[in-house]
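Letter by letter, the chains look like this.
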Amino acid sequence: MKTLLVLRHAKSNWDDSAAKDHERPLNARGERDAPRMGQLARDEQLRPELIVSSDAVRARMTACAMADATGGQLLLDPRLYHAGPTDILAALRSVIEQNVENVATVMIVGHNPGLEELIARLTGEREDLPTCALAQIALPIDRWSDLDISTRGTLVGLWRPKDLR
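In this text, all values refer to a predicted model and were calculated from it rather than measured experimentally.

(A) Spotlight on the overall build of the chain. Each helix and strand counted, the chain has 4 helices and 6 strands in total. In sequence order, the secondary structure elements of the chain are arranged as β-α-β-α-β-α-β-α-β-β. Taken against the 2.2 N^0.38 rule, which gives 15 Å for 165 residues, the C-alpha radius of gyration of the chain at 14 Å falls within 12% of a compact globule. With the C-alpha coordinates of the chain rotated into their principal frame, the extents come out at 45 × 35 × 30 Å. The burial tally for the chain puts 53% of its 165 residues in the buried class. The contacts of the chain with a sequence gap of at least 6 include a subset with a gap of at least 24, amounting to 73%. Working note: accessible area of the chain is about 7,700 Å², and carbon and sulfur atoms make up 45% of it. The positive charge centre, built from 21 side chains, and the negative charge centre, built from 24, are 3 Å apart in the chain.

(B) Region of the structure containing helix α3 (residues 85–98). The terminal C-alpha atoms of α3 lie 20 Å apart, and with 14 residues this matches the ideal 20 Å at 1.5 Å per residue to within 8%. When α3 is considered as a whole, its buried residues turn out to be P85, I88, L89, A91, L92, S94, V95 and I96. Each element contacted by the buried residues of α3 is listed here: β1 (2–8), β2 (50–53), β3 (73–76), β4 (105–110) and α4 (114–123).

(C) Geometry of the packing of aromatic side chains. Counted under the stated rule, the structure contains 0 aromatic pairs. One cation-aromatic arrangement involves R24 over W14; the distance from NZ or CZ to the ring centre is 3.6 Å.

(D) Quick look at the nonpolar core. L4, V6, L92 and W144 are the most contacted members of the largest nonpolar core, which totals 29 residues. Residue assignment for this core shows that the elements contributing at least two residues are β1, β2, α3, β4, α4 and β5 (134–139). The element contributing the most residues to this core is α3, with 6 residues.

(E) Just the sheet that holds β4, in detail. An order of β3-β2-β4-β1-β5-β6 is seen for the 6 strands of this open sheet, with the pairing classed as mixed. Each edge of the sheet is formed by a strand with only one pairing partner; in this case those strands are β3 and β6 (154–159). The average angle at which neighbouring strand axes cross in this sheet is 20°, direction not considered. Judged from the 6 bridges that link them, β1 and β4 form a sheet pairing that is parallel. Its bridge partner lying in β4, L4 is registered against V106. Strand contacts of helix α2 (residues 57–70): β1, β2, β3 and β4, with the helix running at about 170° to β2, the strand carrying the most contacts.

(F) Fine view of the state of the cysteines. In the structure shown here, the tally under the stated rule is 0 disulfides. The thiol of C64 is unpaired, and the distance to the nearest cysteine sulfur, on C132, comes to 13 Å. Accessibility expressed as a relative area gives 33% for C64, which makes it partly exposed. C132 gets classed as buried once you look at its relative accessible area, which sits at 0%.

Conventions used here
- Residues numbered from 1 in each chain as written.
- Predicted model: local features only at pLDDT ≥ 70, side-chain atom pairs only at ≥ 80, totals over all residues.
- Heavy atoms only, no water.
- Helix = DSSP H or I, 4+ residues; strand = E, 2+ residues; numbered from the N terminus.
- Rg over C-alpha atoms; globule rule 2.2 N^0.38 Å.
- Buried < 20%, exposed > 50% of the residue type's maximum accessible area, 1.4 Å probe, protein only.
- Contact = heavy atoms within 4.5 Å.
- Areas by Shrake-Rupley, 256 points an atom, 1.4 Å probe, with all protein chains shown as cover.
- Lys, Arg positive; Asp, Glu negative; His and termini not counted.
- Charge placed at Lys NZ, Arg CZ, Asp CG, Glu CD.
- Expected span 1.5 Å × (residues − 1).
- Phe/Tyr/Trp six-rings, centres within 6.5 Å; stacked < 30°, edge-to-face > 60°.
- Lys NZ or Arg CZ within 6 Å of the ring centre and 35° of its normal.
- Core = buried A, V, L, I, M, F, W, Y, C linked by side-chain atoms within 4.5 Å.
- Pairing = 2+ DSSP bridges.
- Axes fitted to C-alpha atoms, helices over the stretch in contact; angles between N-to-C directions.
- Disulfide = S-S within 2.5 Å.

Pasting the structure below:
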C-alpha cells in the first residue's frame, strides 16, 4: 500500500498584472495557509518522504512550507505546471524511479484543474480542491511504478484551510 498526498498550491497574488502566471508568488492568505496546512500534515502524521512540486513560484513556496513542516525531500518538476492527470502520474513515476522507489508516502504539489481530475480518476470521487487543500489517497500498489491512471485508490481524507481553526 502506498499513500499519495495531493496538495493544491496556496492562494497566489494577482496584484501585478504584468507578472507571468508562472512567476506569481503567494498572497498574504497563501503565506498564512501554507504553513498551517504543513502543521496539519504533521499533526495528522501525513509525512511524505518525497514532495514533488510544480516549479511555478506559488507551488514552490507552498511545497517549501510543507517540506519545512514535515521534513520531506523537495523536488521541483516543470512537467507539473498545469499538467493533467496522465502527465502528473508520468512525472511522478519518472521522478521516483530516478530517486527512491521504496518511499511509502509521496506528495504532489500543483495546480487545478489537473489535481481535481487526478483525484477523481484515482478515487472515483469528484471533490472541490480550493487553494491549499490537501487530499490523502490510499493506493493498492506495492511499487510506484505500478501506478497508472486506471489504479483505483481510496480517498482517505480531505482538508481545506477554511476548515482549520
